[in-house]
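Chain by chain, the residues run as shown.
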Amino acid sequence: MKMPDLRRALAQTELCKSGKKIDLLGFDVCLAGMVEVGYEISDYAYVMTASQRTEPGGGWPYNTILSDLTANIQTYTTANLAEKIVDRYYAAYTDESLNITQAAYRLNQMPSLKTAIDNFANALCSANIWTEIRAARQTIQDNSEEMDDGDDIDGGGNTGIDLWRFAELLSATSNAA
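All of these numbers come straight from a predicted model, not from anything done at the bench.

**With respect to the environment of A172**
For A172, the position within the fold is in helix α8 (residues 163-176). Overall, A172 belongs to the partly exposed group, its relative accessible area being 46%. A172 sits 36 residues away from A136 along the chain, and the two C-alpha atoms are 9.8 Å apart.

**A short note on the pairing of strand β1 (residues 22-26)**
Examined bridge by bridge, β1 and strand β2 (residues 45-50) share 4 bridges and lie parallel to one another. Across the sheet, G26 pairs through a bridge with T49, a residue of β2. Handedness of the crossover joining β1 and β2 through helix α3 (residues 35-41): right-handed.

**Some thoughts on the sheet that holds strand β3 (residues 103-106)**
Judged by pairing direction, the sheet is mixed, and its 3 strands sit side by side in the order β1-β2-β3 without closing on themselves. Of all strands in the sheet, those with a lone pairing partner are β1 and β3, marking the two edges. Neighbour-to-neighbour, the strand axes of this sheet turn through a mean angle of 20°, independent of strand direction. Inspection of the sheet shows β2 paired to β3 by 4 bridges, in the antiparallel sense. The residue of β3 that forms the bridge with A50 is A103.

**Here's the deal with the pattern of salt bridges**
Side chains carrying opposite charge are able to pair once their charged atoms draw close together. Applying the stated criterion across every chain yields a total of 6 salt bridges. Note that E14 and K17 form a salt bridge whose closest N and O atoms lie 3.8 Å from each other. With E14 and K17 both in helix α2 (residues 14-17), this residue pair falls 3 residues apart, about one helical turn.

The rules behind the values
- Here the residue numbering is sequential within each chain, running from 1 through the sequence in written order.
- Predicted model: local features are reported for residues with pLDDT of at least 70 only, side-chain atom pairs are reported and counted for 80 or more only, and whole-chain, interface and lining totals are derived from all residues.
- Excluded from the side-chain calculations are hydrogens and water; all other atoms, namely the structure's heavy atoms, are used.
- For helices the rule is a DSSP run of H or I covering at least 4 residues; for strands it is a run of E covering at least 2, with both sets numbered from the N terminus onward.
- Think of it in three bands: residues with accessible area under 20% of the maximum for their type are buried, residues over 50% are exposed, and the middle band is partly exposed, with areas taken using a 1.4 Å probe on protein chains only.
- Between any two strands, at least two bridges found by DSSP are needed for them to pair.
- The path from the first strand over the helix to the second decides the hand: if it runs clockwise while the strands point away from the viewer, the crossover is right-handed.
- The axes used here are C-alpha line fits, helices contributing only the stretch in contact, and every angle between their N-to-C directions lies in the interval 0 to 180 degrees.
- Salt bridges are counted wherever a side-chain nitrogen of Lys or Arg sits within 4 Å of a carboxyl oxygen of Asp or Glu.

Here it is as structure tokens:
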């Protein structure tokens, strides 16, 4: 399912039609922990949990997550549950070679983040530093920092990158000059 399709499906739920939001929307899929995903669903959920990279085959450790939820159902807040999902996910995968990621996102911050990203993109365009931009992008690609699971059906290449790392590389380049 593509994200615009998910957004449209969420908009059609009785909860969202009534003006309410889903407390927590969790993605037990690869590559969902991206700004684009959060932005698409931000009108329909308060918090999102997702991985920025490819998830191991086992996905979420539902047994521990649901045990925690059951034991704390009366006291857990949305933030508690989101944090527990992230913690339990990391505890389930101790092999560092897996390079796992899982995070919780406060979706009410998406409009501010979108504005910051738009401003960053406009500043890059105005700076006319295309060689540096290409070099930073190539460094990320060469160091396997892309968020690509390599299984795109259409071969389109899901080549999302860590925007923070990209900005760090550009900053280092401009500071060195």
